[in-house]
Amino acid sequence: MRHILEKLYSKNSLTREELLYLLDKLEEDGRDYLYSLAYNTTLKTYGNRIFVRGLLEFTNYCKNNCKYCGLRRDNKKIERYRLSKEEILASLEEGNKLGYKTFVLQGGEDPYYTDEILIDIVKTIKSKYKDVAVTLSIGERSRGSYEKLYQAGVDRFLLRHETATKNLYHSLHEGMSLEKRMECLLNLKEIGYQVGAGFLVGLPGESKESLVDNLLFLKRLQPAMVGIGPLISHPDTPLRGFNNGSVETTLKMISLTRLLLPNALIPATTALNTLSKEGLERGILAGANVVMLNLSPVEIRRKYELYKNKEITDAHQIRKIEDRVKKVNFQVDMGRGDHIKYNRRVNNV
Ligand code: SAH
Ligand code: SF4
């Protein structure tokens, strides 16, 4: 098994059979070796720096019905909210004062935010803060919409593929399709965004094969960012009572992704931090190099309930993050943290 790991480390590529073999055989010592190869790979590409992003959860309305998600439209127990342009700008100003250089605007798929409304918000942000990267994470839209938002100044877009296994995807996403998801990701990439894909670990029906499908999909797509998090079962969704995803499997997937895509920006996700007290440190040791801290107004935070008991780290707590990452020989980088191979777009607004 060691020689397969070494091949992965030097070539950044493996066949389906080799990946399956690894997942079958990765016991404790092999696992630690995998983590250390992934950690060393991060050191070679981005160095010992963790990039911080300011996350603003601006709407919890969603027209979709993803089976795992607390924001799904059939969840009537959740109290819905939308932030106005003024509220969004006020939250980001707080982030700006703290020195954040990336703002991530995330929400459910909420048709209230038309292209026109979003373009106005994005243009205002980009003209107010010249050196800030704006990331959107607002789900599937038409190619035309993605183009207009890019023209308005959006730099990056997070759209996890969730699972690259067709049957699994369709069983979890009523009224949606994997083909459409992939088309959106390809459109975003072609338009010029730094694109984030990613998947959930521990979905009901997951298998070693489906985990490998995800890894091979990522290798083909070559996204700039990859978010991988454990499923956390939400009691007000059809997945109530299901087991949560495994922290260990999540860490292994982070490592394998780091080795397959050495230049990817990979967060130690909020879900990982929710299930593991040392999720951030363990994530870094397994190959992660991004963390998202919360800029949302305190009153609404609990309402953005993708899952329960979300471990929210407030954007003010950078010091605490600094102390934590020091333990794994990392330091906080407050820069924009663009993808290495990406030519930074000129701020044309
Ligand atoms: N609506 C947008 C962005 C918000 S959801 C979108 O779907 O892209 C952001 C991510 O939260 C999703 O991609 C999904 O992977 C994750 N998520 C949703 N419910 C979850 C749960 N119960 N446990 C863990 N992650 C979850
Ligand atoms: Fe909506 Fe995103 Fe949740 Fe799906 S995962 S229900 S698209 S917020």
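What you see is a predicted model; the values in this text were computed from it and never measured.

Caption draft 1: Looking closely at the site of ligand 2. In the vicinity of ligand 2, the contacting residues are Cys62, Asn64, Cys66, Cys69, Leu71, Arg72 and Gly108. Class assignment for the residues of the shell around ligand 2 results in 4 nonpolar, 2 polar and 1 charged.

Caption draft 2: Seen up close, the site of ligand 1. Taken together, 16 residues surround ligand 1, and among them Tyr68, Gly107, Arg160, Glu162 and Ile232 come closest. Isoleucine 232 places a polar main-chain atom, nitrogen or oxygen, 2.8 Å from a nitrogen atom of ligand 1. Coverage of ligand 1 by the protein amounts to 92% of the 540 Å² it exposes when considered alone. Partitioning the shell around ligand 1 into residue classes produces 9 nonpolar, 4 polar and 3 charged.

Caption draft 3: Looking closely at helix α3 (residues 28-45). For α3, built from 18 residues, the straight-helix expectation of 26 Å at 1.5 Å per residue is met to within 8% by its first-to-last C-alpha distance of 26 Å. Within α3 the residues assigned to the buried category are Gly30, Arg31, Tyr33, Leu34, Tyr35, Leu37, Ala38, Tyr39, Thr41 and Thr42. Looking one or two residues past α3, glycine 47 carries a phi angle of roughly 80 degrees, positive in sign.

Caption draft 4: Structural context of the pairing of strand β1 (residues 49-59). Burial analysis of β1 places 10 of its 11 residues in the buried class, which makes it a mostly covered element. Taken together, the 3 bridges between β1 and strand β8 (residues 331-333) define a ladder with parallel strand orientation. The partner of isoleucine 50 across the bridge, within β8, is valine 332. The pairing of β1 with strand β7 (residues 290-294) spans 5 bridges and is classified as parallel. Note that in β7 the partner of glycine 54 across the bridge is leucine 293. The β-α-β motif built from β1, the intervening helix α4 (residues 85-97) and the parallel element strand β2 (residues 102-107) has right-handed crossover chirality.

Caption draft 5: View of the packing of helix α5 (residues 115-128) against helix α6 (residues 143-152). Their axes nearest at 9 Å, the elements α5 and α6 cross at an angle of 20 degrees. In this view, α5 runs roughly parallel relative to α6, as classed from their interaxial angle. When you trace α5 past α6, the crossing you get is right-handed. Each of Asp115, Leu118, Ile119, Val122, Lys123 and Lys126 in α5 lies in contact with α6, whose residues at this interface are Ser145, Lys148, Leu149 and Ala152. Across the contact of α5 with α6, the residue classes break down as 5 nonpolar, 1 polar and 4 charged.

Caption draft 6: Focus on the pairing of strand β5 (residues 194-201). Of all 8 residues making up β5, 8 are buried, and the element is well covered by its neighbours. Of the strand pairs in this sheet, strand β4 (residues 156-158) and β5 are connected by 3 bridges, and their pairing is parallel. Considered in β5, the bridge of leucine 158 is made with glycine 196. Direction of pairing for β5 relative to strand β6 (residues 225-230): parallel, over a ladder of 6 bridges. Counted as the bridge partner of phenylalanine 199 is isoleucine 228 from β6. Following the chain from β5 across helix α9 (residues 208-221) to the adjacent parallel β6, one finds a crossover that is right-handed.

Criteria and thresholds
- Residues numbered from 1 in each chain as written.
- Chains lettered and ligands numbered in written order.
- Predicted model: local features only at pLDDT ≥ 70, side-chain atom pairs only at ≥ 80, totals over all residues.
- Heavy atoms only, no water.
- Near = heavy atom within 4 Å.
- Nonpolar A, V, L, I, M, F, W, Y, C, P; charged D, E, K, R; others polar.
- Polar contact = N/O pair within 3.5 Å; in protein donor to acceptor, adjacent residues only side chain to side chain.
- Areas by Shrake-Rupley, 256 points an atom, 1.4 Å probe, with all protein chains shown as cover.
- Helix = DSSP H or I, 4+ residues; strand = E, 2+ residues; numbered from the N terminus.
- Expected span 1.5 Å × (residues − 1).
- Buried < 20%, exposed > 50% of the residue type's maximum accessible area, 1.4 Å probe, protein only.
- Pairing = 2+ DSSP bridges.
- Right-handed = clockwise from strand over helix to strand, strands pointing away.
- Axes fitted to C-alpha atoms, helices over the stretch in contact; angles between N-to-C directions.
- Parallel < 35°, antiparallel > 145°, perpendicular 65-115°, else oblique.
- Left-handed = near helix turned anticlockwise from the far one by under 90°.
- Contact = heavy atoms within 4.5 Å.

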